[in-house]
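# Geometric and topological summary
As a plain string of letters, each chain reads:
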Amino acid sequence: EISRRFAQPRALTSGAGSTVSLRLKDPQSINHLILEEDITQGERVRKFTVQGRLGETWVPLYEGSSIGHKHIARFPAQKVAEVRLRIDESVAEPVIRNLAAYHIE
C-alpha cells in the first residue's frame with residue numbers, strides 16, 4: 001500500500017539551507033509531502049513550516065517539529081504551483097535529501 005501511494009510524486013527536489021523550494025510543472029492538487037533529511041549529517045531540523053503558492057500568495061500547508069530519516073506530512077488538498085519548505089529552527093545547516101509532493105486518493 002505504501003508503494004502504491006507513494007510511487008509517483010508530482011514533483012521532487014533536494015537542497016540545503018533554511019529554505020528549499022519545489023516547483024510543480026503546472027498548478028496541481030497535492031495533499032501529502034515526503035520530507036527526508038540527510039541523516040549522515042545528523043538530524044538538524046527542529047521546527048519547520050511548509051507553504052504552498054496559490055497565485056502570488058503563500059499559504060501554510062503544514063508545520064512540524066522534526067524531519068529525520070523520513071517525515072510524511074498529510075494535509076487537506078490544495079492546488080499549488082510551488083511548495084516551499086522553510087526551516088524555522090535547526091542546530092546546523094539543514095540538508096534535505098528529498099522533498100516530494102503527492103496527491104493521494
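Summarised in this report is the structure supplied together with it. No experiment lies behind these values; they were computed from the predicted model shown.

Scanning all chains against the criterion turns up 2 aromatic pairs. Relative to Y102, the ring of F6 lies with its centre 5.1 Å away and its plane at 90°, an arrangement referred to as edge-to-face. With a gap of 96 residues between them, F6 in the loop between α1 (2-5) and β1 (11-16) and Y102 in strand β6 (residues 95-102) connect regions that are remote in the sequence. Overall, the relative accessible area of 16% leaves F6 in the buried class.

This next bit is on the sheet that holds β6. Read across the sheet, 6 strands follow the order β1-β6-β2-β5-β3-β4 without closing on themselves; strand pairing throughout is antiparallel. This sheet does not close on itself; its edge strands, each paired only once, are β1 and β4 (57-64). Geometrically, the sheet is characterised by an average inter-axis angle of 30° between neighbouring strands, direction not taken into account. Where strand β3 (residues 45-54) lies against strand β5 (residues 71-90), 8 bridges are found, and the strand directions are antiparallel. Looking across to β5, one finds that F48 is bridged to I87.

Conventions we followed
- Residues numbered from 1 in each chain as written.
- Predicted model: local features only at pLDDT ≥ 70, side-chain atom pairs only at ≥ 80, totals over all residues.
- Heavy atoms only, no water.
- Phe/Tyr/Trp six-rings, centres within 6.5 Å; stacked < 30°, edge-to-face > 60°.
- Helix = DSSP H or I, 4+ residues; strand = E, 2+ residues; numbered from the N terminus.
- Buried < 20%, exposed > 50% of the residue type's maximum accessible area, 1.4 Å probe, protein only.
- Pairing = 2+ DSSP bridges.
- Axes fitted to C-alpha atoms, helices over the stretch in contact; angles between N-to-C directions.

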